[in-house]
Every structure is written in structure tokens, then in C-alpha cells.
Amino acid sequence: MTRGRFAPSPTGRMHLGNIAAALLSWLSARAQGGVWLLRIEDLDPQRSKREYSRLIEDDLHWLGLDWDEGGLDGRGDAAPYSQSLRGDIYARFLERINATGYTYPCRCTRAEIMATQAPHQSDGRIVYGGRCRPESLPAHGADFAGASTRIYVPDRTIAFTDVLYGPQQFNLAREVGDFILRRADGAWSYQLAVVVDDALMGVTEVVRGSDLLLSAAQQIYLYRLLGLEPPRFAHVPLLCNAEGRRLSKRDGSLNMEHLRASYTPGQITGRLAALLGLLPDYAEITPAELIAEFSWQKITPSETITISNLS
Ligand code: GLU
């Protein structure tokens, strides 16, 4: 049984790019007769707002994307479905990872990280240079109090096959370096939370934006450390504005507040379906009607799709 999910961060109103990812995830799960769940990724207490979670649910309902489990009221066996309520669970799994001896405490300041980082990535990503890494690993019995927890990554390729983009290879040592599982202030990292949640929620298929391809490699690494089976990954093109930047809250005309005032769910779904290659031409269609047209083969595996307005 396929179990898909949508895992939005409630840090703003959804835009067309979020909707495209939600729609493809929902269509793939429904086309396989599977279950679709909604998880609220509200790990960042400063930026996450309950009001945005409510709006996300309302926008999904309005579009016709229904979920079988999860959401703010947390129906389903794996409740709660809001990450802010799952700290005890993450703590248990972090203990399991710590027991491998491949984590270590890091007390680097931001300035120290910048000064000792490995060579720059072209996109400005910071690659941790290993300043706090112990001389030899595995190491046990370290004192993590007041420190971030980092996980060692080996200088070796992690390979997987993405449903849309095909074979992928990432060397985590070169691409990210040892990465954080828990920050010094106690905040859980996205990478740890997403793996624990997808595993415990029985997710078998992860559909999300192509900006998270590298994260998939980090996540597969954590699945293996925990002895868990990774899901199938299907990353999907990011929608970008005319300047080539991925859509954000600032692209007002493509945010749900504006879209709902100007278009019907069928118009929005039809336009996305044509843009993604699911329909040869634009036609008004509901998500439920689009299930019969859905196939991953129809979608072009470009990293981005440009769109400046819906009409
Ligand atoms: N919460 C993440 C976001 O909204 C998505 C994470 C995921 O799908 O794995 O960008």
C-alpha cells in the first residue's frame, strides 16, 4: 500500500509551487489507490504559526486535496502529526544514533564554522570543515550538554534512484560535511525529524521539490544508520518566477490568497496540469478528475519551471 505525504512548513500562505508539489504527491498516492497524509513541519518556533497551518488545511480542502491522516487535529495512528509535539520521539531516535558512536558534540560559533569550512559550494552552501570532529570514530561517552549534535558523514557516494530525475549520486563529505541533528538550543534538525516521522508514519513515497534532492541523500544515510528502509523519492520541478528565482511569498499574484480570489480550483489545477505535462493543453479539471491522467512518465524532469502568472 502506497503511503504518500505532504509536509508543509507553516511559515506563510502557500504559493503555486507548494500547490504543485502537494498536487503531484496527492495524485501519485491516489493513482496507486494509496493513503495520503498531512504532516505539519513546525519545527521552527519563530517562523511557524498555527494560523498558517489552518490556512494550509483550508487551501488544500478548497483545491480538493483530501488527506486520510494527520493535519492539525492529528487523526491517525502516528499522532501527533505536528513536529513541534514530537520532541520526545526525536530524542529517542537521537539516542539510537548516538549509540553508534558516529555523533559528536560541536561548540563551534558561526564565525568559526565560516572560517574553517571546506571549499565553497557554488550555491553558497556551507560545508562543515570538521573542526570539532574527534580524532577517531566511533567515539562514545561524549558530553553533549550545551553543544550541537553533529553526525559524521563518510567520504563516499550515496546513490539512489529518483522516480523523476533517475540515478542520483552525492558525496555528503564534499556536499555538506558532518551535519547537525540537534542544535545547541535544543531545536531538532529537519533532517532528523523528517526521517523519524516518515519512518514512523509508514511513508513509502516522498514527493517534494527538487531543492531537496541533496537532503534525500542525507536522509538515506540516516535511514541506514537507524536500520530503517528509506521511502521512494520523487522530487519535482520547482516553480520559478520570470527572474528565475523560486516562487516565494513575495510573488504575491501566485500565492493562494490572490489565486483564490481570481480563479476556481479547476482553473488552477488545469493550469498546473498543462504546465507539468499531465494534460496536452490547458483545460479546467479537478484533482479527482486528473487522477486518471496522472503518470510520472508525462512529467519532464527539468529542475525548474518558469511561471510569471496563472492566466
Ligand atoms: N517542510 C519542508 C518544506 O516545506 C518539506 C520537507 C519534505 O517534504 O521533506 O519545504
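Reading the values: the criteria
Residues numbered from 1 in each chain as written. Predicted model: local features only at pLDDT ≥ 70, side-chain atom pairs only at ≥ 80, totals over all residues. Heavy atoms only, no water. Pairing = 2+ DSSP bridges. Helix = DSSP H or I, 4+ residues; strand = E, 2+ residues; numbered from the N terminus. Contact = heavy atoms within 4.5 Å. Axes fitted to C-alpha atoms, helices over the stretch in contact; angles between N-to-C directions. Phe/Tyr/Trp six-rings, centres within 6.5 Å; stacked < 30°, edge-to-face > 60°. Buried < 20%, exposed > 50% of the residue type's maximum accessible area, 1.4 Å probe, protein only. Lys NZ or Arg CZ within 6 Å of the ring centre and 35° of its normal.

A.B. asks: What am I meant to see in the sheet that holds strand E9 (residues 205-209) here?
C.D. replies: The strands making up a sheet associate through hydrogen bonds between their backbones, and the pairing can be parallel or antiparallel. If you walk across this open sheet you meet the five strands as E3-E2-E1-E9-E10, and the pairing is parallel. Edge strands, defined here as strands with exactly one partner in the open sheet, are strand E3 (69-70) and strand E10 (232-236). When strand E1 (residues 3-6) meets E9, the two strands line up parallel, connected through two bridges. Across the sheet, the residue bridging to Gly4 is Glu205, located in E9. On the sheet, helix H1 (residues 16-31) packs against E1, strand E2 (35-38), E9 and E10 and is oriented at approximately 150° with respect to E2.

A.B. asks: I'm lost on the packing of aromatic side chains in this one. Help?
C.D. replies: Centre-to-centre distance and the angle between the planes together describe a pair of aromatic rings. A complete count under the given rule lists six aromatic pairs for this structure. Plain terms: the ring middles of Phe294 and Trp296 are 5.3 Å apart, the flat faces sit at 80° to each other, and that makes the pair edge-to-face. Accessibility expressed as a relative area gives 11% for Phe294, which makes it buried. The buried category is assigned to Trp296, whose relative accessible area is 12%. Every member of this aromatic cluster is reached through a ring pair, and the members are Phe160, Phe170 and Phe233. Over the ring of Tyr128 we find Arg150; its NZ or CZ atom is 3.5 Å from the centre of that ring. In this arrangement the basic side chain of Arg182 is found over the ring face of Trp188, its NZ or CZ atom lying 4.0 Å from the centre.

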